[in-house]
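As a plain string of letters, each chain reads:
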Amino acid sequence: MSFNTKVVLVTGGSSGLGKSICLRLAKAGHTVFGTSRKANGQHMDGYTLIAMDVTDNASVLRAVSEVISQAGRLDVLVNNAGLGIQGAVEDITPELGQRLFDTNVWGPLRVCRAALPQMRKQGGGCIINISSVAANFGLPYRGFYSASKAALDRMSEALSTEVDRFGINVVTVQPGEFNTTIGDSRLRPEVISEAHKPGYEKAMAILGGSMHYSRDPDELAQVVERILNDPKPKARYVVAQGMQKISILAKKLLPGRMFERMVRKHYE
Ligand SMILES: NC(=O)c1ccc[n+]([C@@H]2O[C@H](COP(=O)([O-])OP(=O)(O)OC[C@H]3O[C@@H](n4cnc5c(N)ncnc54)[C@H](OP(=O)(O)O)[C@@H]3O)[C@@H](O)[C@H]2O)c1
């Protein structure tokens, strides 16, 4: 193995952003393992797809030890596997919200807990958590998606300060909208209340339209590749277009109610 090639584990390597990250890193010469709930160790274009369900601790432990036994080490973990959710806050049952958090928050925690002992043993490593621009706002009708990604960001921030002393970098990446099929697997409430239906349907129509015209996942993969090659990466990377980036700044600068009015106007 050459000095600069790394052993990388990407959760959710079967589609969308995770697949693009696997393809790009494999092409650059890294040893890449992607994961899927349906995988059986098949070889993709330059990377191996192994089985992992991030909601199942035994499956996470099995996959991480498979990487270490096959490659001898684990340098980079990309916590990418994630789900979307749609629905008014009032329509989301705690059970449905729990399912989302199980994948988007407890999932990355399980994988970090499985990977960190090996990284510590090696004297360093890098954990890249794929969050979302949505972590910065309570997006209407996607409130629990925002909440799960905000939780992931705060967890990453704390973890980063705790593991820096072991030479382990923790990085948060906040993508804006990328052209993937994430919308197809979004969790949805069984019942959409009449009161919320008009606002919900309008918001979903706007979201569907903007996702359709969103960016190529390889652009996000390029940022991940840059992070991986940087010995001192930043704590957070926002990979989003103009308006989404401006909204993050506006949220910081504007009084809360003024920002809410702006969001309402966008969705109306
Ligand atoms: N697309 C966007 O615009 C966008 C924007 C911001 C953030 N993100 C974030 O980027 C990440 C990837 O999203 P994407 O758009 O690429 O979605 P996607 O195309 O739906 O891919 C999701 C990936 O996650 C895996 N996955 C889902 N649940 C899993 C579980 N329980 N255990 C293991 N793997 C699981 C899926 O693998 P299998 O189904 O094969 O198991 C799949 O490979 C997510 O964290 C998402 O929140 C996406």
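Above this text sits the structure in question.
What comes next concerns the included structure. (Residues numbered from 1 in each chain as written. Predicted model: local features only at pLDDT ≥ 70, side-chain atom pairs only at ≥ 80, totals over all residues. Heavy atoms only, no water.)

A look at the site of the ligand
Ser14, Ser36, Tyr145, Phe178 and Thr180 are the nearest of the 31 residues found near the ligand. In the environment of the ligand, an oxygen atom lies 2.6 Å from a nitrogen or oxygen atom belonging to the side chain of Ser14. At 2.7 Å from an oxygen atom of the ligand is found a main-chain nitrogen or oxygen belonging to Phe178. If you list the elements that add at least two residues to the shell around the ligand, you get helix H1 (16–27) and helix H5 (143–163). Of the residues contributing to the shell around the ligand, the split by class is 10 nonpolar, 16 polar and 5 charged. (Near = heavy atom within 4 Å. Polar contact = N/O pair within 3.5 Å; in protein donor to acceptor, adjacent residues only side chain to side chain. Helix = DSSP H or I, 4+ residues; strand = E, 2+ residues; numbered from the N terminus. Nonpolar A, V, L, I, M, F, W, Y, C, P; charged D, E, K, R; others polar.)

Things to note about the side chain of Asp91
The residue Asp91 is located in the loop between strand E5 (76–79) and helix H3 (94–104) in this model. Nearest to the buried, unbridged Asp91 among oppositely charged side chains is Lys197, at 9.0 Å. Side-chain polar atoms of Asp91 contact the side chain of Ser193, separated by 2.9 Å. (Buried < 20%, exposed > 50% of the residue type's maximum accessible area, 1.4 Å probe, protein only. Lys, Arg positive; Asp, Glu negative; His and termini not counted. Salt bridge = Lys/Arg side-chain N within 4 Å of Asp/Glu carboxyl O.)

So, the packing of H3 against H5
Between H3 and H5, the least distance of the axes is 10 Å, while the angle of their chain directions is 35°. Viewed along their axes, H3 and H5 form a crossing whose handedness is right-handed. Of the residues in H5, those in contact with Leu100, Phe101 and Asn104 of H3 are Phe144, Tyr145, Ala147, Ser148, Lys149, Ala151 and Leu152. Tallied by class, the residues present in the contact of H3 with H5 amount to 7 nonpolar, 2 polar and 1 charged. (Axes fitted to C-alpha atoms, helices over the stretch in contact; angles between N-to-C directions. Left-handed = near helix turned anticlockwise from the far one by under 90°. Contact = heavy atoms within 4.5 Å.)

Concerning the sheet that holds strand E1 (residues 7–10)
Overall, mixed pairing links the 8 strands, which are arranged E3-E4-E2-E1-E5-E6-E7-E8 in an open sheet. Strands with a single pairing partner mark the edges of an open sheet, and in this sheet they are strand E3 (42–43) and strand E8 (236–239). Sheet topology places strand E6 (residues 125–130) next to strand E7 (residues 168–175); 6 bridges connect them, and they run parallel. Paired with Ile128 across the bridge in E7 is Val171. Seen against the sheet, helix H2 (residues 57–71) touches E1, strand E2 (31–36) and strand E4 (48–51) and runs at an angle of roughly 145° to E4. (Pairing = 2+ DSSP bridges.)

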